[in-house]
Amino acid sequence: MAVPSCLEALVPQHPPAARAIAGEPIIYIVDDDESMREALRRLFGSVGFKVEMFASAAELLRTKLPDVASCLVLDVRLPGLSGLDFQAELAKAAIHIPIIFMTGHGDIPMSVKAMKAGAVDFLTKPFRDQDMLDAVAAAIERDRERRAEEKRLSDLRSHFETLTPREREVMGLVTAGLMNKQIAGELELAEITVKIHRGHIMQKMGARSLADLVRMAEVLGVRRTKPEGI
């Protein structure tokens, strides 16, 4: 999906150094109340979090986000684009930063809408410091887990791309449950050739067992049904 031009700045940047070394998490605060921004900055700073502050969604939109675990502490009522509308725009652009909403005018329908759209929490001002810290910790952990899973999937796809077309074909049949002899007959190959392809596949994919390879195929969407009669 193409990212709207107004959201391009929020797509995380991936310089080699940032990919190689995981940076410290960042909390982005968006609230038009300067005193609230400062209070949150002090709170998060007291437990060692790096913080960046903005008075509106538009200000955040002009910022390049580094490729580190992060979360967004977002006021519902903002000048211009509201917090809920901003959440919707981020979702449309497939930008998955976890969001903690805060508001002085919350109601149940508003909080339900935010939570259904994936918000980590919805806090009504004034909230307890510990409630906010707990929500931020959960949001950062969620983002770390998402990033780790995306890296695993990216690595798996990279490994799969190293397979030759024939190896991919053999992988599909292997993970469909066929034995080497059956694969040889299906592809009109010598059985020893199938064994060689299979060994290369296991090595290139980093699979430790057939069950491991089957799980990889499921994640990648590699499916090859057994031919009729087998």
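Heads up: the structure comes first, above all this text.
These remarks concern the structure in this document. (Residues numbered from 1 in each chain as written. Predicted model: local features only at pLDDT ≥ 70, side-chain atom pairs only at ≥ 80, totals over all residues. Heavy atoms only, no water.)

The next point concerns the nonpolar core. Soluble globular proteins tend to pack their nonpolar side chains together in the buried interior. Among the nonpolar cores identified, the biggest contains 25 residues, and Tyr28, Leu60, Leu72, Leu74, Phe86 and Phe101 are the most heavily contacted of them. Taken together, the elements giving at least two residues each to this core come down to strand S1 (26-30), helix H3 (57-61), strand S3 (70-75), helix H4 (83-92), strand S4 (99-103) and helix H5 (108-116). Apart from residues lying up to four places away in sequence, Tyr28 is in contact with Glu52, Phe54, Leu60, Leu65, Pro66, Ser70, Cys71, Leu72, Val73 and Ile97. One finds Met36, Leu43, Ala69 and Ile140 within the second-largest nonpolar core, a separate group that totals 20 residues. (Core = buried A, V, L, I, M, F, W, Y, C linked by side-chain atoms within 4.5 Å. Buried < 20%, exposed > 50% of the residue type's maximum accessible area, 1.4 Å probe, protein only. Helix = DSSP H or I, 4+ residues; strand = E, 2+ residues; numbered from the N terminus. Contact = heavy atoms within 4.5 Å.)

Let's shift gears to the packing of aromatic side chains. Within this structure, the stated rule accounts for two aromatic pairs. Both rings, one in Tyr28 and one in Phe54, keep their centres 6.3 Å apart while their planes meet at 35°; by these two values the pair is tilted. Placement of Tyr28 in strand S1 and of Phe54 in strand S2 (residues 50-54) is noted, with a sequence separation of 26 residues between them. A single burial state applies to Tyr28 and to Phe54, both of which are buried. Arranged with centres 6.1 Å apart and planes meeting at 40°, the rings of Phe101 and Phe122 form a pair that is tilted. Residue Phe101 is located in strand S4, and its partner Phe122 is located in strand S5 (residues 121-124); the two are separated by 21 residues in the primary sequence. Here Phe101 matches Phe122 in class, with each residue buried. (Phe/Tyr/Trp six-rings, centres within 6.5 Å; stacked < 30°, edge-to-face > 60°.)

In this section: the sheet that holds S3. Spatially, the five strands line up as an open sheet ordered S2-S1-S3-S4-S5, and their pairing is parallel. Two strands lie at the open edges of the sheet, namely S2 and S5, each paired on one side alone. On average, each strand axis in the sheet is tilted by 20° relative to the strand beside it, whichever way the strands run. As paired elements, S4 and S5 share four bridges and run parallel to each other. The residue of S5 that forms the bridge with Phe101 is Phe122. Sheet strands touched by helix H2 (residues 34-46): S1, S2, S3 and S4. Its angle to S2, the strand with the most contacts, is close to 175°. Sitting on the sheet, H5 touches S4 and S5, and the angle it makes with S5 is about 155°. (Pairing = 2+ DSSP bridges. Axes fitted to C-alpha atoms, helices over the stretch in contact; angles between N-to-C directions.)

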